[in-house]
Amino acid sequence: MKKIETDVLIIGAGPVGLFSVFELGQLGMKSCVIDTLDIVGGQCSSLYPEKPIYDIPAFPEISAEKLIQNLTLQIKPFKPDLILGEMVEKIKYDDDCYETTTSKNSVIKSKCIVIAAGNGAFGPNKPPICNIEEYEEKSIFYHIKDKNKFKNKKIAIAGGGDSAVDWAIELSDKAEKIYFIHRREKLRAAPSSVQKLYKIAKNNNLEIIVPYQIDSITGNNGKLDSLIVKDLDGAKKDLNVDYFLPFFGLSSNLGPIKDWELQIEKNLLEVDQSTCQTSKNGIFAIGDICTYPGKLKLILTGFSEAAIAAHSCYKRIFPDKVLHFEYSTTSGVKSL
Ligand SMILES: Cc1cc2nc3c(=O)[nH]c(=O)nc-3n(C[C@H](O)[C@H](O)[C@H](O)COP(=O)(O)OP(=O)(O)OC[C@H]3O[C@@H](n4cnc5c(N)ncnc54)[C@H](O)[C@@H]3O)c2cc1C
């Protein structure tokens, strides 16, 4: 739970939200960036980190992961407040200032808001286990930050896609035992990875349990004792595990933004293209989440919208100051 006062709150740490920090910073404005995910980079980091992108100006080819690394480096001088793993839920307008509250009760006061929320908040698809929240971030994880946590431990990994298979392979030489569970016999992951998984299962500590579904868990105070899985006839197996890693993909949801009384067209926020302002004063939308006639959902379009929104924020935050336009070649990179 954090309390932050800043000039501009940026909702979404995708490529466009990150570049917004740069554009605001160059005009002397401080920003705070929030994302529901615990990594920055939005779609680039979550959906296609290794894919090459060919239409970023001046980069004939750059991987999505490298693009995000470069953006992170580019915004460093502006020292934005970064809040990860929290979803922006409520906003209230008071005293010429927006007060925004997150899912973990952090409160951010800002003079403007820039919504760079892409297709909405990303979150993991969770297995249908009723008391799962008690175990999340303790013994059930949807992302892996530190592989060493699983050294000599008993782990269940569920899912049929690349993430599940790749992590099972990656952790097989660390863990004491891995149970790999999928509800179908056939896995969707890359055929070469599936082959590798079955090869490891032949000689090693990895057991493939298919077709089985997740049934329930037992444990105490967030510490797992066992994961119970069942086959298509309902016959159950009790797996004694320390950790459970479900990889069922991500889904996105416009969620709370829908309740902010902004003009919405087909799940997108309508903006005035010349300012990127939504139907509410001081709230701007850029990147994939915004729409106007002729809008293109491309990273480069989002970058340009970040620059337009930053100039609009400046006019609102400093109504009495005249902005002397400067190229970065003249101003250099400003730092805050
Ligand atoms: C497979 C694939 C390939 C692509 N290839 C290209 C390409 O070659 N060139 C190109 O230009 N584009 C490409 N794109 C599209 C490009 O990735 C998007 O245009 C870009 O990611 C949009 O950036 P963004 O910052 O607007 O949103 P996103 O990247 O979607 O990031 C939005 C972030 O906002 C967060 N968020 C949303 N709501 C909330 C909330 N309430 N609270 C907190 N956080 C929230 C989300 O969790 C997310 O992390 C591709 C997309 C895909 C899926």
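Residues numbered from 1 in each chain as written. Predicted model: local features only at pLDDT ≥ 70, side-chain atom pairs only at ≥ 80, totals over all residues.

## Re the overall build of the protein
1) Next: When its secondary structure is counted, the protein shows seven helices and 21 strands.
2) Next: Counting only C-alpha atoms and orienting by the principal axes, one finds that the protein spans roughly 70 × 45 × 35 Å.
3) Next: For the protein, the residues scored as buried account for 37% of the 336 residues in total.
4) Next: Taking the intrachain contacts of the protein between residues at least 6 apart in sequence as the baseline, contacts between residues at least 24 apart amount to 63%. (Helix = DSSP H or I, 4+ residues; strand = E, 2+ residues; numbered from the N terminus. Buried ≥ 20, exposed ≤ 12 C-beta atoms within 10 Å, placed from the backbone. Contact = placed C-beta atoms within 7 Å.)

## Topic: the site of the ligand
1) Next: In the vicinity of the ligand there are 37 residues, among which G12, G14, G42, G118 and G287 approach most closely.
2) Next: At the level of elements, α1 (15-26), β2 (31-35), α2 (42-47), β9 (121-124) and α6 (299-317) are the ones that each hand at least two residues to the shell around the ligand.
3) Next: Considering each element in turn, the shell around the ligand owes the most residues, four residues, to α2.
4) Next: Here the shell around the ligand is built from residues that sort into 21 nonpolar, 12 polar and four charged. (Near = placed C-beta within 6 Å. Nonpolar A, V, L, I, M, F, W, Y, C, P; charged D, E, K, R; others polar.)

## Observations concerning the domain arrangement of the protein
One frequently used descriptor of interface size is the decrease in accessible area upon assembly of the parts.
1) Next: Under the domain assignment used here, the protein contains domain 1 (3-123 + 251-331) and domain 2 (126-248).
2) Next: Distance from the C-alpha centre of domain 1 to the C-alpha centre of domain 2: 35 Å. (Domains from an automatic or database assignment.)

## Let's talk about the packing of helix α4 (residues 162-171) against helix α5 (residues 191-203)
1) Next: Where α4 contacts α5, the two axes come as close as 10 Å, and the packing angle between them is 40°. As judged from the angle between their axes, α4 and α5 are oblique. α5 is crossed by α4, and the crossing has left-handed handedness. Listed contacts from α5 to D162, V165, D166, A168 and I169 of α4 are S193, V194, K196, L197 and I200.
2) Next: Looking at the contact of α4 with α5, its residues break down into six nonpolar, one polar and three charged. (Axes fitted to C-alpha atoms, helices over the stretch in contact; angles between N-to-C directions. Parallel < 35°, antiparallel > 145°, perpendicular 65-115°, else oblique. Left-handed = near helix turned anticlockwise from the far one by under 90°.)

## Thoughts on the packing of α1 against α6
In a pair of packed helices, the angle between the axes and the distance between the axes together describe the arrangement.
1) Next: Across the interface, α1 lies against α6 with an axial gap of 8 Å and an inter-helix angle of 40°. With respect to α6, the element α1 is oriented oblique. Handedness of the crossing formed by α1 with α6: right-handed. Across the interface between the two elements, P15, V16, F19, S20, E23 and L24 of α1 pack against I299, G302, F303, A306, A307, A309, A310 and C313 of α6.
2) Next: Among the residues making up the contact of α1 with α6, the classes are represented as 11 nonpolar, two polar and one charged.

## A look at α4
1) Next: Most of α4 sits inside the fold, with seven of its 10 residues counted as buried.
2) Next: Along α4, the residues that are buried comprise S163, A164, V165, W167, A168, I169 and L171.

## Topic: the nonpolar core
1) Next: Counting residues in each nonpolar core, the largest one holds 54 residues, and the members touching the most others are V114, I115, F284, I286 and C313.
2) Next: With seven residues, α6 is the single largest residue contributor to this core.
3) Next: In this structure, L197, I214, L224 and L245 belong to the second largest nonpolar core, which totals 35 residues. (Core = buried A, V, L, I, M, F, W, Y, C linked by C-beta atoms within 7 Å.)

## What to know about α1
1) Next: Here α1 spans 17 Å end to end across 12 residues, near enough to the 16 Å set by a 1.5 Å rise per residue.
2) Next: With 11 of 12 residues buried, α1 is to be regarded as a mostly interior element.
3) Next: Among all positions of α1, only P15, V16, G17, L18, F19, S20, V21, F22, E23, L24 and G25 are buried.
4) Next: Trailing α1 by a residue or two, G28 shows a phi angle of about 85°, which is positive. (Expected span 1.5 Å × (residues − 1).)

## Describing unusual backbone geometry
1) Next: Put simply, V210 and P211 share a cis peptide bond, and its omega is -15°.
2) Next: Locating P211 in the fold gives a position in the loop between β12 (206-209) and β13 (212-220).
3) Next: One non-glycine residue with positive phi stands out, namely K79, at about 40°.
4) Next: Among the structural elements, K79 can be located in the loop between α3 (64-75) and β5 (81-84).

## Description of the sheet that holds strand β19 (residues 268-270)
1) Next: In spatial order, the strands read β18-β19-β21; together these three strands make up an open sheet with mixed pairing. The sheet is open, and its two borders are formed by β18 (264-265) and β21 (290-291), each paired with just one other strand.
2) Next: Pairing of β18 with β19 involves two bridges; the strand directions are antiparallel. Across the sheet, residue I264 finds its bridge partner in β19, namely L269. (Pairing = 2+ DSSP bridges.)

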